[in-house]
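Each chain, letter by letter, is given below.
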Amino acid sequence: MNNHLPKLSSANITAHIDDVTGSRRLRRMRKASWSRRLVQETRLSVDNLILPFFLTYGEGVSEPVDAMPGVERHSVDMAVRLAEKAAKLGIPAVAPFPRERAEVKTDDGSFVASPDNLINRAVRAIKKEVPEIGIITDAALDPFTTHGHDGILRDGEIINDESVAMIVRGALSQAEAGADIIAPSDMMDGRIGAIRRALDENGFSHVAIMSYATKFASAFYGPYRDAIGTLGVLKGDKKTYYLDPANSDEALREAEQDVIEGADMLMVKPGMPYLDIIHRLKDTFRLPTFAYQVSGEYAMIKAAGINGWIDEEKVMMEGLTAFKRAGCDGILTYFALEAAQKLQNQG
Ligand code: PBG
């Protein structure tokens, strides 16, 4: 009896019920706020937010970045205030990026390793005054080179292994200053392994590595280059070391290499146009996975918001939630303070 019934599995039970009742109602649980809350699958939390910010010289300085309304470059003392604010809101970590002075820039970017550079000064100051917040530092050379590239440029080429050696020196100086996580954004081959070894050999085995594992040669970085003052400086483009935006399998190979070399965490950059990459990375490696919602993404949302073309706050929250749904554990976002405030008000 009942031979005509399909074998029971969750998929065909549903189909069977549809058969019987003729009324599959997917809208049923969407009917009220309480039921929507009950079945919501992804929830953004302040714990998922990392605040990137910009540094400049001076004291008491917070100057606007033209292409990023609401974002400022801060002198170290003001950066400490900013970190305090972030910590108060419950943001777990911050990530400083420096606008270095032209005088300290060289062809090989060696100021990356100076204890006196802006990153290292800020790390020491924040560690001292806001010890509860995590600090993530980038060891790429672009803020420190005369040519704006992330590595050492010779005869029109970025020299991989010499660049890695310099980036390692930068990473060590940042660990020395008190950085908790080294996040190299340069995409040189072998940098994760080299940084891991150097950290371990120098007593920094507790310092973690978040690899900018899949960083694409993207046009979305424009406002950032304005913020750190490399906009007119960069010679050529970064296509010989960043990934081709068209490539997803290659992105997987890049991430795999960084996992093998010892990355604790992976990052995808830019964010929103690369949700498929986030999903593949998370699915494949199961490592803590982050997205960098970069300056151009921020600027677009801000600009449309300012013009009244979109509801900025809603778009911000929707976008951040989408990162999480795609597989992110966290997001580096210039919206971190605003989003944290919004989440606090909701909570
Ligand atoms: C370079 C670096 C970039 C960003 C941070 N570090 C990209 C670039 O200038 O090529 C971009 C961040 C952003 O756009 O918000 N190491």
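Before any of the text, the structure's been laid out above.
Values in this document were obtained by computation on a predicted structure and should not be read as measured data.

What counts, and where the lines are drawn
Residues numbered from 1 in each chain as written. Predicted model: local features only at pLDDT ≥ 70, side-chain atom pairs only at ≥ 80, totals over all residues. Heavy atoms only, no water. Buried < 20%, exposed > 50% of the residue type's maximum accessible area, 1.4 Å probe, protein only. Helix = DSSP H or I, 4+ residues; strand = E, 2+ residues; numbered from the N terminus. Pairing = 2+ DSSP bridges. Right-handed = clockwise from strand over helix to strand, strands pointing away. Near = heavy atom within 4 Å. Polar contact = N/O pair within 3.5 Å; in protein donor to acceptor, adjacent residues only side chain to side chain. Areas by Shrake-Rupley, 256 points an atom, 1.4 Å probe, with all protein chains shown as cover. Nonpolar A, V, L, I, M, F, W, Y, C, P; charged D, E, K, R; others polar. Salt bridge = Lys/Arg side-chain N within 4 Å of Asp/Glu carboxyl O.

(A) Inspection of the pairing of strand E5 (residues 134-137) at higher detail. Of the two faces of E5, both are covered, the one formed by Gly134 and Ile136 as well as the one formed by Ile135 and Thr137. Relative to E5, strand E4 (residues 93-98) runs parallel, the two being bridged by two bridges. Paired with valine 94 across the bridge in E5 is isoleucine 135. At this point the chain moves from E4, through helix H4 (residues 118-129), to the parallel E5, and the crossover so formed is right-handed. As paired strands, E5 and strand E8 (residues 181-182) are joined by two bridges and run parallel to one another. Bridged to isoleucine 136 within E8 is isoleucine 181.

(B) Spotlight on the site of the ligand. Taken together, the neighbourhood of the ligand is formed by 16 residues, with Ser185, Arg225, Lys269, Ser295 and Tyr334 sitting nearest. One of the side-chain N or O atoms of aspartate 142 is found 2.8 Å from a nitrogen atom in the ligand. Between the ligand and tyrosine 242, the relevant distance is 3.3 Å, taken from an oxygen atom to a side-chain nitrogen or oxygen of the residue. Protein burial of the ligand: of its 400 Å² of free accessible surface, 100% is covered by the chains. Residue classes in the shell around the ligand are distributed as seven nonpolar, two polar and seven charged.

(C) Looking closely at the pattern of salt bridges. A complete count under the given rule lists 19 salt bridges for this structure. Ionic pairing is found between arginine 154 and glutamate 162, a salt bridge with its closest N-O pair at 2.7 Å. Residue glutamate 162 is classed as partly exposed on the basis of its relative accessible area, which comes to 37%. Across the pair lysine 314 and aspartate 311 runs a salt bridge whose closest N-O atoms are separated by 3.4 Å.

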